[in-house]
Amino acid sequence: MAPIPAGGAGLPRHVAIIMDGNGRWAKKRHLPRVAGHRQGVEAVRRVSRAARAMGIEALTLYAFSSENWRRPEDEVSDLMGLLRLFIRTDLDEMVRENVQLRVIGDYRRFSPDLVTLVEDAIARTAANTGPILVIALNYGAQAEIAAAARRLAEKARDGTLDPLTIDTAAIEAELDTSDLPPLDLLIRTSGEIRLSNFLLWQAAYAELLFVDTLWPDFDATTLADAVAAFGNRQRRFGGL
């Protein structure tokens, strides 16, 4: 595991990852795509544990985008099944390790049994005070920003908000991530160089890191290397 260097940006409080490459991982091994997704779940376990051990306050993982409904029905069903399995097998560990589970996105579009499972998991970890694991489910950043704008417009219409007072802080307060630390580092795996509608507002001053590693191969060492790269960057936020 690469050491975190002294100086520079230090340890990020909030890291987000676009977990990409499950399908390509499976294709390279002549396996069905679901095999790649299964290994992707194993990577989630490894990386979430590593993030806790490193002292990262919040880890946000892009698990299912609002565009993923366009995938074949059987693949979507496989992804939902893996989400169920992950919650059932890992929830006790999250409770034991004082992890807070959060979900961003419109997960209520999922089947009723999965919605219940997700909400029960959130409730069981709600009193925890340790690291935060955020899962983005049926999430799209443009829809998130539009929903925030609608809520502010409704308040202005109802007379509870002066439109002239709307600033960046007012918008941030309406986002799904309003109670999370500011995003410091956003990583995308598999060599793709785009944000794919993920945390667009939150990434305004985040450090971006695009790595060639396919998500199922991402591990504690890869995360440590990413954090070390972050630590070597000078964050000026528009200043000198």
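Residues numbered from 1 in each chain as written. Predicted model: local features only at pLDDT ≥ 70, side-chain atom pairs only at ≥ 80, totals over all residues. Heavy atoms only, no water.

1. Focus on the nonpolar core
Part 1 of the argument: The biggest cluster of nonpolar side chains holds 46 residues, and the ones touching the most others in it are Ile17, Phe110, Leu133, Leu137, Ile187 and Leu223.
Part 2 of the argument: If one sorts the elements of this core by residue count, helix α3 (residues 73-96) sits on top with 9 residues.
Part 3 of the argument: What Phe110 contacts, discounting residues up to four positions off in sequence, is Phe64, Trp69, Met80, Leu83, Val115, Leu137 and Asn138.
Part 4 of the argument: Listed in part, the 17 residues of the second largest apolar core include Ile104, Ile132, Ala136 and Phe198. (Core = buried A, V, L, I, M, F, W, Y, C linked by side-chain atoms within 4.5 Å. Buried < 20%, exposed > 50% of the residue type's maximum accessible area, 1.4 Å probe, protein only. Helix = DSSP H or I, 4+ residues; strand = E, 2+ residues; numbered from the N terminus. Contact = heavy atoms within 4.5 Å.)

2. A few points about the layout of surface pockets
Part 1 of the argument: Taken as a whole, the largest pocket spans an internal volume of roughly 780 Å³.
Part 2 of the argument: Lining of the largest pocket is provided by 36 residues; of these, Met19, Asn22, Tyr62, Ala63 and Phe64 occupy positions nearest its centre.
Part 3 of the argument: Broken down by element, the lining of the largest pocket gets its largest block of residues, 7 residues, from α3.
Part 4 of the argument: Considered class by class, the residues forming the lining of the largest pocket number 21 nonpolar, 8 polar and 7 charged. (1 Å grid on protein atoms, 1.4 Å probe; cavity = no way out; pocket = protein on both sides within 12 Å on 5 of 7 lines; lining within 4 Å. Points joined across faces, edges and corners; volume = space filled by probe spheres on them. Nonpolar A, V, L, I, M, F, W, Y, C, P; charged D, E, K, R; others polar.)

3. Things to note about the environment of Tyr205
Part 1 of the argument: In this fold, Tyr205 is placed in the loop between β5 (185-188) and β6 (207-210).
Part 2 of the argument: As a C-alpha pair, Tyr205 and Pro182 span 23 residues in sequence and 9.1 Å in three-dimensional space.

4. Things to note about the sheet that holds strand β1 (residues 14-18)
Part 1 of the argument: A sheet is described by the order of its strands in space; here 6 strands give the open sequence β3-β4-β2-β1-β5-β6, paired in parallel fashion. In this open sheet, the two strands that pair with only one neighbour each are β3 (100-104) and β6. Averaged over all adjacent pairs, the angle separating strand axes in this sheet is 20°, with direction ignored.
Part 2 of the argument: Bridge count for β3 against strand β4 (residues 132-139) is 5 bridges, and the pairing is parallel. By the bridge assignment, Ile104 is partnered in β4 with Ala136.
Part 3 of the argument: Packed on one face of the sheet, helix α2 (residues 33-54) meets β1, β2 (58-65) and β4 and runs near 160° to β2. (Pairing = 2+ DSSP bridges. Axes fitted to C-alpha atoms, helices over the stretch in contact; angles between N-to-C directions.)

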